[in-house]
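Structure assessment
In case you want the letters, here they are:
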Amino acid sequence: MEGFFIVITLGLCATILLPLYRGVFGPTVFDRVIGAGFIGTKTIILILLIGVIYGRIDMFIDLALAYSILNFIGTLIVSKYFIRKGAR
Amino acid sequence: MIIGAKIFMIAGLFFFTTAAIGFLRFPDFYTRMHATAKGDTLGTLLFVMGLALYTLHYGIHWFGIVQGIKLISIAVFWFLASPTATHALLRSALESDLVPWTKDGKVVLAWPPKRGK
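Quantities reported herein were computed from a predicted structural model and do not represent experimental measurements.

So, on to the overall build of chain B. Looking only at helices and strands, chain B features three helices and zero strands. Each helix and strand of chain B, placed in order from N terminus to C terminus, yields the pattern α-α-α. The C-alpha atoms of chain B give a radius of gyration of 19 Å, which is well past the 13 Å a tight globule of 117 residues would have. Counting only C-alpha atoms and orienting by the principal axes, one finds that chain B spans roughly 60 × 30 × 15 Å. Here the contacts in chain B between residues at least 6 apart in sequence split such that 62% fall between residues at least 24 apart.

Right, here's the structure in full:
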């Protein structure tokens, strides 16, 4: 089961590398914002998987919950800020 | 129970991969957001369900049940939060006059659409 979790974690890391292109070279600001949000979502799952691998999931669940709230608030604030300022 | 957890996690990884490929390949911001939001939410939900099933394999014990409830709370919060964030970002893009993509380059609607004042 440890090997399965490590393989899933490596697959998730490879999936994080794909939207990094959009996050860096995105045509508009909103592409970069949604790329950052996408990477943040996968980071939540990555924290949970690392908690399972270390055998300390009771601690890492709280970290993942805090990180998800941070990700949500960050996306909301950025989308409020870029009203009528993005798209160029 | 471990078989169910494995199936859930592999399905979640599949949805994450398709969301990432759609995020790279679609031509427009709106279509990219469509691919990302759906795959993201469903992948997170499946992964968290798989991990909650995995924490129950220690046996029906208060540790596994409490961790499962906390994991389900993450899933419920993210299932509410991710469409809200996507909707706010889409509204921001619409307000800043980002023209949607069409195949022949002509806009279908009168763009920008009339906003209710």
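So, on to the overall build of chain A. Across its full length, chain A carries three helices and zero strands. Put simply, chain A runs from its N terminus to its C terminus through helices and strands in the order α-α-α. In terms of C-alpha radius of gyration, chain A reaches 15 Å, well past the compact-globule figure of 12 Å for 88 residues. Projecting the C-alpha coordinates of chain A onto the three principal axes gives extents of approximately 50 × 25 × 10 Å. The buried share among the 88 residues of chain A stands at 35%. Restricting the contact set of chain A to residue pairs at least 6 apart, pairs at least 24 apart contribute 50%.

This next bit is on the interface of chain B and chain A. Listed per partner, the contact involves 35 residues of chain B and 38 residues of chain A. Of all the elements in the fold, those that place two or more residues in the side of chain B that touches chain A are α1 (2-25), α2 (29-55) and α3 (62-95) of chain B. Per-element tally for the side of chain B that touches chain A: the top contributor is α3(B), with 13 residues. For the side of chain B that touches chain A, the class distribution of residues is 22 nonpolar, seven polar and six charged.

Right, let's talk about the confidence of the model for chain B for a bit. Residue and element names in this part refer to chain B. When the pLDDT values of chain B are averaged, the result is 85; 91% of them are 70 or greater. Here α3 stands out as the element of chain B with the lowest mean pLDDT, 88, in contrast to α1, whose mean of 91 is the highest. Here the predicted complex carries an ipTM of 0.86, next to a pTM of 0.86.

The next thing to look at is the environment of A:G3. Residues and elements named next belong to chain A. In this structure, G3 sits in helix α1 (residues 2-25). Residue class for G3 comes out exposed when judged on the 7 C-beta atoms lying within 10 Å of it. Taking the C-alpha atoms as reference points, G3 and D58, separated by 55 residues in sequence, lie 21 Å from one another.

The next thing to look at is the nonpolar core. Counting residues in each nonpolar core, the largest one holds 44 residues, and the members touching the most others are A:F30, A:L48, B:V48, B:M49 and B:L51. Counting only elements with at least two residues in this core, the list comes to α1, α2 (29-54) and α3 (57-81) of chain A together with α1, α2 and α3 of chain B. For this core, the element with the highest residue contribution is α2(B), accounting for twelve residues. Not counting residues up to four positions away in its chain, the partners in contact with B:L51 are A:L48, A:V52 and B:L71.

So, on to α3(A). Along an α-helix, residues three or four apart share an orientation, since each turn contains 3.6 residues. Here α3(A) spans 36 Å end to end across 25 residues, near enough to the 36 Å set by a 1.5 Å rise per residue. Within the span of α3(A), buried status applies to A:I57, A:I61, A:A64, A:S68, A:N71, A:F72, A:T75, A:V78 and A:S79. Summarising the contacts, the buried residues of α3(A) are in contact with α2 of chain A together with α2 and α3 of chain B.

Quick look at the packing of α2(A) against α3(A) now. Residue and element names in this part refer to chain A. Packing of α2 against α3 leaves a shortest axis separation of 8 Å and a crossing angle of 175 degrees. Relative to α3, α2 is oriented roughly antiparallel. Where α2 approaches α3, its residues V33, G37, G40, T41, T43, I44, I47, L48, I50, G51 and V52 are matched on the opposing element by I57, M59, F60, I61, L63, A64, Y67, S68, N71, T75, V78 and S79. Classifying every residue of the contact of α2 with α3 gives 14 nonpolar, nine polar and no charged.

Reading guide: rules and limits
- Residues numbered from 1 in each chain as written.
- Chains lettered and ligands numbered in written order.
- Predicted model: local features only at pLDDT ≥ 70, side-chain atom pairs only at ≥ 80, totals over all residues.
- Helix = DSSP H or I, 4+ residues; strand = E, 2+ residues; numbered from the N terminus.
- Rg over C-alpha atoms; globule rule 2.2 N^0.38 Å.
- Contact = placed C-beta atoms within 7 Å.
- Buried ≥ 20, exposed ≤ 12 C-beta atoms within 10 Å, placed from the backbone.
- Nonpolar A, V, L, I, M, F, W, Y, C, P; charged D, E, K, R; others polar.
- pLDDT = per-residue confidence, 0-100.
- Core = buried A, V, L, I, M, F, W, Y, C linked by C-beta atoms within 7 Å.
- Expected span 1.5 Å × (residues − 1).
- Axes fitted to C-alpha atoms, helices over the stretch in contact; angles between N-to-C directions.
- Parallel < 35°, antiparallel > 145°, perpendicular 65-115°, else oblique.

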